[in-house]
Amino acid sequence: MSRIVAANEKAIADAAEILKAGGLVAIPTETVYGLAANALDGRAVTKIFEAKGRPSFNPLITHYPDAGAAARHAEFSQQAHILAHHFWPGPLTMILQRAPDCPVHDLVSAGLSTLAVRVPGHKIAQKLLSVCGFPLAAPSANPSGKLSATTPLHVAEGLGDKVDLILASGPAEIGLESTVLDLSGAKPVILRPGSITAQDIEAVLGEDVGQDFTPTENPKSPGQLLKHYAPETKLRLRAIDLNPGEALLAFGSDRFMGIKGGGAAGDLPESLRRNLSEEGDLNEAAANLFSMLKDLDKAGAAAIAVMDIPETGLGIAINDRLKRAASSF
Ligand code: TXA
Ligand code: MG
């Protein structure tokens, strides 16, 4: 069983230490309990997906102590400023373009150019966020496909010792996830309904708000992502050798990868060769996935040959993303 502690000063300081060291902490928010990791630390973020058993890397919400901190990582339009002023802190998540030098790890936004930002309306969450000094990526603190956890006990029952600490602060007040509003397109669109409604937002903006609750592959988690990151370069999966002109995305040793017609992986220029994890560590591979795909996508190769990745644990989510990227041609 994981440690459940009442969220006093000492517990908040302990939680910040755990998060700083790359651990997972379940945190209270006004909507549901969140499973939090340092959003700047890719390895820490992989643990969220591992603990929830998510079969796919969907983008996560990044939590900030205040609007000023969020505005340093995302491009706030005029509308975003107005909505932040009106609804934050509170159960509204806004999808905005990432700021050019945004340090949030790209696994958090699943390789997309946008970022989901939110300032929770819960004193403990705000206190923890300001003590940490870095933003927290946090989906609801329940196993994938299960009901969102609204009490510390639910968190413990669902995630057990996969979470290092549970900061307890009674039942979540709202009990329903935040409204997700996409402000990255031509007009505002609600991607996930919540307690702040389209009418509430329209009243503040004086503009129509669209709704797009397109069901996804996992109907139990409504309002998941509509867009997937897709490279421009074709992907060739489960490659056991290379064609001339291909780039290599390796996993484990690439010592025995040959190039058809002569040569070996080791002869490739640096720009055409990446290794998700030389040790074959799936957490390391997950953290490297989007940045390495983007690097190789820039190299102008004929295709990207991807070595086989085991279909276990985080490998399932990695393969899911690779299959989507490969089939977008
Ligand atoms: O109330 C909440 O929002 C809770 C508490 C813990 O804050 N958090 C939560 O996070 O529900 P999560 O990560 O489970 O929800 C993320 C939602 C998903 O529907 C996801 O598809 C969408 O936000 N999302 C995140 N980033 C996105 C992006 N860049 N583009 C489109 N949708 C995005
Ligand atoms: Mg959820």
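Everything quoted here is computed from the prediction, not taken from an experiment. (Residues numbered from 1 in each chain as written. Chains lettered and ligands numbered in written order. Predicted model: local features only at pLDDT ≥ 70, side-chain atom pairs only at ≥ 80, totals over all residues. Heavy atoms only, no water.)

1. A closer look at the overall build of the protein
Right, so step 1: Secondary structure assignment for the protein yields nine helices and 15 strands.
Right, so step 2: Relative to the globule expectation of 20 Å for 329 residues, the C-alpha radius of gyration of the protein, 21 Å, shows essentially globular dimensions.
Right, so step 3: Projected onto the principal axes, the alpha-carbon positions of the protein cover approximately 65 × 50 × 35 Å.
Right, so step 4: The buried share of the protein, reckoned over its 329 residues, is 55%. (Helix = DSSP H or I, 4+ residues; strand = E, 2+ residues; numbered from the N terminus. Rg over C-alpha atoms; globule rule 2.2 N^0.38 Å. Buried < 20%, exposed > 50% of the residue type's maximum accessible area, 1.4 Å probe, protein only.)

2. Brief notes about the sheet that holds strand β6 (residues 114–118)
Right, so step 1: Strand order in this open sheet of 11 strands is β1-β8-β2-β3-β7-β4-β6-β5-β9-β10-β11, and the pairing throughout is mixed. In this open sheet, the two strands that pair with only one neighbour each are β1 (4–6) and β11 (210–211).
Right, so step 2: Both strand β2 (residues 25–27) and strand β8 (residues 165–168) contribute to a ladder of two bridges, which runs parallel. Counted as the bridge partner of A26 is I166 from β8.
Right, so step 3: Its contacts with the sheet put helix α2 (residues 42–52) on β3 (34–38) and β7 (136–137), and the angle it makes with β3 is roughly 155 degrees. (Pairing = 2+ DSSP bridges. Contact = heavy atoms within 4.5 Å. Axes fitted to C-alpha atoms, helices over the stretch in contact; angles between N-to-C directions.)

3. A few points about the nonpolar core
Right, so step 1: Counting residues in each nonpolar core, the largest one holds 86 residues, and the members touching the most others are F57, F76, M94, V117 and I201.
Right, so step 2: Setting aside residues up to four positions removed in sequence, F57 forms contacts with F49, L107, A110, A286, L289, F290, L314, A317, I318 and R321.
Right, so step 3: In terms of nonpolar packing, the next biggest core, distinct from the first, is built from 19 residues, A16, A36, F134 and A138 among them. (Core = buried A, V, L, I, M, F, W, Y, C linked by side-chain atoms within 4.5 Å.)

4. Overview of the packing of aromatic side chains
Right, so step 1: Under the definition given, this model contains three aromatic pairs.
Right, so step 2: When the centroid spacing of 6.1 Å and the interplanar angle of 65 degrees are considered together, the rings of F76 and W88 count as edge-to-face. In this pair, F76 is assigned in the loop between α3 (67–71) and α4 (78–87) and W88 in the loop between α4 and β5 (92–97), connecting sequence segments 12 residues apart. Both residues of the pair, F76 and W88, belong to the buried class. (Phe/Tyr/Trp six-rings, centres within 6.5 Å; stacked < 30°, edge-to-face > 60°.)

5. Description of the layout of surface pockets
Right, so step 1: Taken as a whole, the second largest pocket holds about 150 Å³ of empty space.
Right, so step 2: Along its surface, the second largest pocket is lined by L237, R238, V306, M307, D308, I309, E311, N319, L322 and K323.
Right, so step 3: Here the lining of the second largest pocket takes three residues from helix α9 (residues 314–327), the largest share from any one element.
Right, so step 4: Tallied by class, the residues present in the lining of the second largest pocket amount to five nonpolar, one polar and four charged. (1 Å grid on protein atoms, 1.4 Å probe; cavity = no way out; pocket = protein on both sides within 12 Å on 5 of 7 lines; lining within 4 Å. Points joined across faces, edges and corners; volume = space filled by probe spheres on them. Nonpolar A, V, L, I, M, F, W, Y, C, P; charged D, E, K, R; others polar.)

6. Concerning the sheet that holds strand β14 (residues 273–275)
Right, so step 1: Spatially, the four strands line up as an open sheet ordered β12-β15-β13-β14, and their pairing is parallel. A strand with exactly one partner marks an edge of an open sheet, and here the two such strands are β12 (235–236) and β14.
Right, so step 2: In terms of strand pairing, β12 meets strand β15 (residues 304–306) through two bridges, oriented parallel. Each residue of the ladder has a partner; that of R236, found in β15, is A305.

7. Section: the state of the cysteines
Right, so step 1: Applying the stated criterion across every chain, the model contains zero disulfides.
Right, so step 2: For the unlinked cysteine C102, the closest cysteine sulfur is that of C132, found at 17 Å.
Right, so step 3: The class for C132 is buried, based on a relative accessible area of 7%. (Disulfide = S-S within 2.5 Å.)

8. Regarding the confidence of the model for the protein
Right, so step 1: Put simply, the protein has an average pLDDT of 93, and 95% of its residues get 70 or more.
Right, so step 2: In this model, residues 217–226 is a region of pLDDT below 50 whose contacts with residues beyond four sequence positions or in other chains number 20 contacts. (pLDDT = per-residue confidence, 0-100.)

9. Topic: the pairing of β6
Right, so step 1: With five of five residues buried, β6 is to be regarded as a mostly interior element.
Right, so step 2: Side-chain alternation along β6 places T114, A116 and R118 on one buried face and L115 and V117 on a second face that is also buried.
Right, so step 3: The pairing of strand β4 (residues 61–63) with β6 spans three bridges and is parallel. Each residue of the ladder has a partner; that of T62, found in β6, is V117.
Right, so step 4: Taken together, the four bridges between β5 and β6 define a ladder with antiparallel strand orientation. When the bridges of β6 are listed, L96 appears paired with L115.

10. Points about the side chain of N288
Right, so step 1: Tracing the backbone through its elements, the reader meets N288 in helix α8 (residues 282–297).
Right, so step 2: The contacts of N288, once residues within four sequence positions are left out, are N275 and L276.

11. Let's talk about the side chain of S109
Right, so step 1: You can see S109 is positioned in the loop between β5 and β6.
Right, so step 2: Relative accessible area serves as the criterion here: at 2%, S109 is assigned to the buried category.
Right, so step 3: For S109, the side chain forms a polar contact with the side chain of R98, separated by 2.7 Å.
Right, so step 4: When sequence neighbours within four positions are dropped, the list of residues in contact with S109 reads P59, R98, T114 and L115. (Polar contact = N/O pair within 3.5 Å; in protein donor to acceptor, adjacent residues only side chain to side chain.)

12. Looking at the environment of T62
Right, so step 1: Relative to the helices and strands, T62 resides in strand β4.
Right, so step 2: The class of T62 is buried, set by a relative accessible area of 0%.
Right, so step 3: The sequence separation of T62 and E246 amounts to 184 residues, and the corresponding C-alpha distance is 36 Å.
Right, so step 4: Not counting chain neighbours up to four residues away, the residues in contact with T62 comprise A39, V104, V108, L115, A116, V117, R118, P135, L136 and A137.

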